[in-house]
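An overview of the molecular structure
Now for the letters of each chain:
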Amino acid sequence: AAAAAQRARRRDGPAMARSAEDAVWVEELVKRNEELLQAIHENHKHNRLADAVAYQELFQQNALRLAAFVDLTNEAVVAKDKTLRGLVAEEDARTA
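Residues numbered from 1 in each chain as written. Predicted model: local features only at pLDDT ≥ 70, side-chain atom pairs only at ≥ 80, totals over all residues. Heavy atoms only, no water.

**A closer look at the overall build of the chain**
A count of helical and extended segments in the chain gives 3 helices and 0 strands. For the chain, the N- to C-terminal ordering of α and β elements is α-α-α. Going through the 96 residues of the chain one by one, you find that 16% of them count as buried. Excluding contacts between residues fewer than 6 apart, the proportion of contacts in the chain whose partners are at least 24 apart in sequence is 46%. Of the roughly 7,400 Å² of accessible surface on the chain, 59% is carried by carbon and sulfur atoms. (Helix = DSSP H or I, 4+ residues; strand = E, 2+ residues; numbered from the N terminus. Buried < 20%, exposed > 50% of the residue type's maximum accessible area, 1.4 Å probe, protein only. Contact = heavy atoms within 4.5 Å. Areas by Shrake-Rupley, 256 points an atom, 1.4 Å probe, with all protein chains shown as cover.)

Below, the structure written as structure tokens:
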């Protein structure tokens, strides 16, 4: 039983670290999107539409990345495993 608990701790440790990495990644992307929205607004205000469009494209790419991440996270929660690793492992098991 002690060996099983130790294996579980080793297995869960990286998953928790991954969750912290995911949180930092999401926060950084949200902050970047806030900056992009401000840049879009400023460029519209000064009639620099080509620059505004360039920032808009970057914003859209980031928003799509966030949406894809949320979709994967929701699938993991629905699968009753709150780690993306668990969802990937389940998918790997199905396709093996």
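Read on, since the account is not over.
**Describing the pattern of salt bridges**
The full count for this structure, using the stated rule, is 3 salt bridges. Residues E35 and R32 are paired through a salt bridge, measuring 3.6 Å at the closest nitrogen-oxygen approach. Pair noted here: E35 and R32 are both in helix α1 (residues 2–45), with a separation of 3 residues, about one helical turn. For E35, a relative accessible area of 39% gives the class partly exposed. A salt bridge links E42 to K45; the nearest nitrogen and oxygen atoms lie 3.4 Å apart. Pair noted here: E42 and K45 are both in helix α1, with a separation of 3 residues, about one helical turn. The partly exposed category is assigned to E42, whose relative accessible area is 26%. Residue K45 is classed as exposed on the basis of its relative accessible area of 53%. (Salt bridge = Lys/Arg side-chain N within 4 Å of Asp/Glu carboxyl O.)

**Details of unusual backbone geometry**
The phi angle at N47 is positive, at roughly 60°, despite the residue not being glycine. Relative to the elements of secondary structure, N47 occurs in the loop between α1 and α2 (49–78).

**Details of the confidence of the model for the chain**
A residue-level look at the chain finds 58% of positions with pLDDT of 70 or above and a mean pLDDT of 76. Predicted confidence for residues 4–17 stays below pLDDT 50, and this span has 4 contacts to residues more than four positions away or in other chains. (pLDDT = per-residue confidence, 0-100.)

**Observations concerning the environment of N43**
Relative to the assigned elements, N43 resides in helix α1. With 10 residues separating them along the chain, N43 and V53 place their C-alpha atoms 9.0 Å apart. Apart from the residues lying within four places of it in its own chain, the contact partners of N43 are R48, D51, A52 and Y55.

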